[in-house]
Amino acid sequence: MDDAALAAARQRLQGAGAVCVFTGAGMSAESGIPTFRDALTGLWSRFDPAALASEEGFRADPQLVWDWYAERRAGVRRAQPNAGHLAIAAFARARPGRVTVVTQNVDDLHQRAGCTDAIRLHGDILQDRWLDACAQRPACDPAQADAGRPPRCGRCGNRVRPGVVWFGELLPPGAMEAAEAAARQCELMLVVGTSGAVWPAAGLVHTARRAGAFVAIVNPHPSEIDDQAHAVLRGPAARVLPELLHHS
Ligand code: OAD
């Protein structure tokens, strides 16, 4: 890792008021959750996102998609927060009200590490929701659906789907607005483990940079947003974040 970049990022962190931490799949890689776009290990190098991460794909083969998510859910439940998640949570605890964590991850590892108010741009893989809007009043509860794959509503046959954002879908209401406000207002944005390939999420880094924030990136590999960074820390999150944050 570049010592000058580490020193610059530490110094900026020490002086920063508001800090926004923006994370992607690389954040959880060392917890054993695969990323999407890493060449050999990424999910999208082995699976077709159109078939597995879109409403059309789910409607075409609900059982295939449900079973794929069931396996990923089991992986998330088995995983534990890594030293990077814990370092971010400790850093935020020491600066109440000054650190906003925004994640693209659908796992709950930031939350389990202690960042319970992390903004989740792409939903929550452990949540169930209805595929179609429920027309009943009061609305039926997806937790009451039968045990099928996927479960169905006993009243109307509506199917349960995972509570993640699929390609072509809107982000959860309010999440992007809150994330944009954090990006505009922060003095430092710490970007961890994202390829920067997915929009509108990747736009947050540009927003922070345009608004005058110092941008530091933690990633062992080049990403599409490296040109936005003042400091690039080349290394894995679970090693770099404790080094960076424990001394800041
Ligand atoms: P990607 O898979 O696109 O990128 C993962 C990034 O993590 C890459 O830049 C890797 O170099 C980096 N990386 C790998 N191991 C790392 C480590 N140990 N420490 C730090 N970085 C590491 O994942 P995202 O950028 O999160 O969408 O992808 C964005 C969205 O695309 C995801 O949220 C998902 C996907 O389709 C939804 O789920 C809606």
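Thresholds applied
Residues numbered from 1 in each chain as written. Predicted model: local features only at pLDDT ≥ 70, side-chain atom pairs only at ≥ 80, totals over all residues. Heavy atoms only, no water. Helix = DSSP H or I, 4+ residues; strand = E, 2+ residues; numbered from the N terminus. Rg over C-alpha atoms; globule rule 2.2 N^0.38 Å. Buried < 20%, exposed > 50% of the residue type's maximum accessible area, 1.4 Å probe, protein only. Contact = heavy atoms within 4.5 Å. Areas by Shrake-Rupley, 256 points an atom, 1.4 Å probe, with all protein chains shown as cover. Lys, Arg positive; Asp, Glu negative; His and termini not counted. Charge placed at Lys NZ, Arg CZ, Asp CG, Glu CD. Polar contact = N/O pair within 3.5 Å; in protein donor to acceptor, adjacent residues only side chain to side chain. Axes fitted to C-alpha atoms, helices over the stretch in contact; angles between N-to-C directions. Parallel < 35°, antiparallel > 145°, perpendicular 65-115°, else oblique. Left-handed = near helix turned anticlockwise from the far one by under 90°. 1 Å grid on protein atoms, 1.4 Å probe; cavity = no way out; pocket = protein on both sides within 12 Å on 5 of 7 lines; lining within 4 Å. Points joined across faces, edges and corners; volume = space filled by probe spheres on them. Nonpolar A, V, L, I, M, F, W, Y, C, P; charged D, E, K, R; others polar. Near = heavy atom within 4 Å. Sits in = over half its atoms within 2 Å of the grid points.

**Examining the overall build of the protein**
Within the protein, the regular secondary structure consists of 10 helices and 8 strands. In terms of overall size, the protein behaves like a compact globule, its C-alpha atoms giving a radius of gyration of 19 Å where 248 residues would be expected to give roughly 18 Å. By principal-axis analysis of the C-alpha atoms, the protein measures approximately 60 × 40 × 30 Å. Put simply, the protein has 248 residues, and 52% of those count as buried. Considering only contacts within the protein whose residues lie at least 6 apart along the sequence, 68% involve residues at least 24 apart. Roughly 11600 Å² of accessible area belongs to the protein as shown, and the carbon and sulfur atoms make up 52% of that amount. Computed over 26 positive and 26 negative side-chain charges, the inter-centroid distance for the protein is 3 Å.

**Some remarks on the environment of leucine 233**
With respect to the helices, strands and loops of the structure, leucine 233 is situated in strand β8 (residues 231-233). Residue classification places leucine 233 among the buried positions, given a relative accessible area of 0%. Along the sequence, leucine 233 and histidine 122 sit 111 residues apart, while their C-alpha atoms lie 25 Å from each other. For leucine 233, the residues in contact, after removing those within four places along its chain, are Met1, Ala5, Leu6, Ala9, Ile217, Val218, Asn219, Val240 and Leu244.

**A short note on the environment of serine 248**
Along the chain, serine 248 falls in the segment after α10 (237-245). What makes serine 248 buried here is its relative accessible area of 17%. Sequence spacing of serine 248 and glutamine 104 is 144 residues, and the spatial spacing of their C-alpha atoms is 25 Å. Residues contacting serine 248, with those up to four places away along its chain left out, are Arg10, Leu13, Gln14, Phe91 and Arg95.

**Thoughts on helix α6 (residues 83-93)**
Along α6, the residues classified as buried are Gly84, His85, Ala87, Ile88, Ala89, Phe91 and Ala92. In this structure, the buried side of α6 is in contact with α1 (3-15), β1 (19-23), β2 (99-103), α7 (109-113) and α10. If you check the start of α6, you find a side-chain oxygen 2.7 Å away from the backbone N of glycine 84, and it comes from asparagine 82.

**Thoughts on the packing of α6 against α10**
It is the contact of α6 with α10, at a shortest axis distance of 7 Å, that shows an interaxial angle of 25°. With respect to α10, the axis of α6 lies roughly parallel. Considering only the axes of α6 and α10, their crossing is left-handed. Of the residues in α10, those touching α6 at Ala83, Gly84, Ala87, Ile88 and Phe91 are Ala237, Ala238, Leu241, Pro242 and Leu245.

**Points about the layout of surface pockets**
Any empty space left between the atoms is revealed when a probe the size of a water molecule rolls over them. What the largest pocket holds in volume is close to 890 Å³. Around the largest pocket sit 45 residues that line it, and Ala25, Thr35, Phe36, Arg37 and Ser195 are the ones nearest its centre. Class assignment for the residues of the lining of the largest pocket results in 24 nonpolar, 16 polar and 5 charged. In this structure, the second largest pocket occupies an estimated 340 Å³ of space. If you go around the second largest pocket, you meet 21 residues; those closest to its centre are Ile33, Pro34, Leu43, Arg72 and Gly75. Counting residues per element, the ones that place at least two in the lining of the second largest pocket are α2 (43-46) and α5 (62-78). Per element, the largest residue contribution to the lining of the second largest pocket is 6 residues, and it comes from α5. Partitioned by chemical class, the residues of the lining of the second largest pocket number 11 nonpolar, 5 polar and 5 charged.

**Quick notes on the site of the ligand**
By nearness alone, 23 residues border the ligand, and Phe36, Arg37, His122, Thr194 and Ser195 come closest of all. With respect to the ligand, the backbone of alanine 25 contributes an N or O atom lying 2.8 Å from an oxygen atom. Within the side chain of serine 195, one N or O atom sits 2.6 Å away from an oxygen atom of the ligand. In the complex, the protein chains occlude 92% of the 790 Å² of accessible area that the ligand would expose alone. Put simply, the ligand lies in the largest pocket. Of the residues assigned to the shell around the ligand, the class counts are 10 nonpolar, 10 polar and 3 charged.

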